[in-house]
Amino acid sequence: MKRLLGITALCFLCLCLFGGSVSLAGSQETLPTLAVFPSWLPGEAGAFGHFLTNSLYDILDGYERFQPVYSAYPGDGRYDTAPLPKGLIPPDLRDKLWEKKSFLTPYRPNANLVYQLGEKLGVDAVIMYSLVITGGGRDQLTAYLFDIQKRREISRYVTDELKHNYTGEIAPVALTNKLRGVTDYVLLRY
């Protein structure tokens, strides 16, 4: 009994000292690679591409589940991501990356094209966002995560008031909170 108690105390001490991440000698866990593809940011939302990427990096810092290797947007230096290679998305394909199936449906990623481009890059997953600011409590934020090997799409959206009705401002704190919710959902289901 004393021995079991001693081992438990030692494990608890290790967890406290190493923050819950203990790596055994000789074991190397490689994280899945992630590419950040261009987001759908029409109108006022166009200024938020870098904001979305930096918020994504904030979230990834807490997970240690993905290693971002490519990004359509420069980050803040936390991750050594390369820009998407020139020519990966030629101008004629840029318009095909996001598609609208009908007049009443929102733009969404062209999944087949995302899988093809993800395979070309050699990444495990691709993340994309759609942020549509319409005002009146109908603003929509959507996260899309594509598992390239399994050809599986995971998405989550939230409709809420991101743009204040009276001031017309988009509150970064509100956007960050909504972004965390949709990103947590897709990353945890990978």
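Predicted model only: the values in this text are computed from it and were never measured. (Residues numbered from 1 in each chain as written. Predicted model: local features only at pLDDT ≥ 70, side-chain atom pairs only at ≥ 80, totals over all residues. Heavy atoms only, no water.)

Caption draft 1: Highlighting the packing of helix α2 (residues 49–63) against helix α5 (residues 172–188). The geometry of α2 relative to α5 is characterised by a closest axis approach of 10 Å and an angle of 55° between their N-to-C directions. When the interaxial angle is binned, α2 and α5 end up oblique. Handedness of the crossing formed by α2 with α5: right-handed. In this structure, α2 contributes Phe-51, Leu-52, Ser-55, Leu-56, Asp-58, Ile-59, Leu-60 and Tyr-63 to the contact, and α5 contributes Pro-172, Leu-175, Thr-176, Leu-179, Arg-180, Thr-183, Asp-184, Leu-187 and Leu-188. Taken together, the residues of the contact of α2 with α5 sort by class into 11 nonpolar, 3 polar and 3 charged. (Axes fitted to C-alpha atoms, helices over the stretch in contact; angles between N-to-C directions. Helix = DSSP H or I, 4+ residues; strand = E, 2+ residues; numbered from the N terminus. Parallel < 35°, antiparallel > 145°, perpendicular 65-115°, else oblique. Left-handed = near helix turned anticlockwise from the far one by under 90°. Contact = heavy atoms within 4.5 Å. Nonpolar A, V, L, I, M, F, W, Y, C, P; charged D, E, K, R; others polar.)

Caption draft 2: How the structure looks around the pattern of salt bridges. Within the structure shown, the criterion is met by 10 salt bridges. Close ionic contact of Lys-163 with Glu-44 constitutes a salt bridge, the shortest N to O distance being 2.7 Å. Linking Lys-163 in the loop between β8 (152–160) and α5 with Glu-44 in the loop between β1 (33–36) and α2, this pair joins segments that are 119 residues apart in sequence. Judged by its relative accessible area of 41%, Glu-44 falls in the partly exposed class. Here Arg-78 ties to Asp-58 by a salt bridge, and the two come within 2.5 Å at their closest N and O atoms. Separated by 20 residues along the polypeptide, Arg-78 in the loop between β2 (67–71) and β3 (82–83) and Asp-58 in helix α2 bring together distant segments of the chain. For Arg-78, a relative accessible area of 33% translates into the label partly exposed. Linked by salt bridges that have partners in common, Asp-58, Asp-61, Asp-76 and Arg-78 make up one network. (Salt bridge = Lys/Arg side-chain N within 4 Å of Asp/Glu carboxyl O. Buried < 20%, exposed > 50% of the residue type's maximum accessible area, 1.4 Å probe, protein only.)

Caption draft 3: Geometry of the sheet that holds β3. Here 6 strands make up an open sheet; going across it, the order is β3-β2-β1-β6-β7-β8 and the pairing mixed. In this open sheet, the two edge strands, each paired with only one partner strand, are β3 and β8. Relative to strand β7 (residues 139–147), strand β6 (residues 125–132) runs antiparallel, the two sharing 8 bridges. By the bridge assignment, Val-132 is partnered in β7 with Gln-140. Set on the sheet, α2 makes contact with β1, β2, β6 and β7; between it and β2 the angle comes to about 165°. (Pairing = 2+ DSSP bridges.)

Caption draft 4: Broad picture of unusual backbone geometry. Despite not being glycine, Glu-64 has its phi angle at roughly 55°, a positive value. Its place among the elements puts Glu-64 in the loop between α2 and β2. Residue classification places Glu-64 among the exposed positions, given a relative accessible area of 56%. Despite not being glycine, Arg-151 has its phi angle at roughly 50°, a positive value. You can see Arg-151 is positioned in the loop between β7 and β8.

Caption draft 5: Region of the structure containing the pairing of β2. Taken together, the 4 bridges between β1 and β2 define a ladder with parallel strand orientation. Residue pairing across strands places Leu-34 opposite Pro-68, the latter belonging to β2. Handedness of the crossover joining β1 and β2 through α2 is recorded here as right-handed. Alignment of β2 against β3, held across 2 bridges, turns out to be parallel. For Ser-71, the partnering residue across the bridge sits in β3 and is Pro-83. (Right-handed = clockwise from strand over helix to strand, strands pointing away.)

Note that all results are geometric; they support no functional claim without further evidence.
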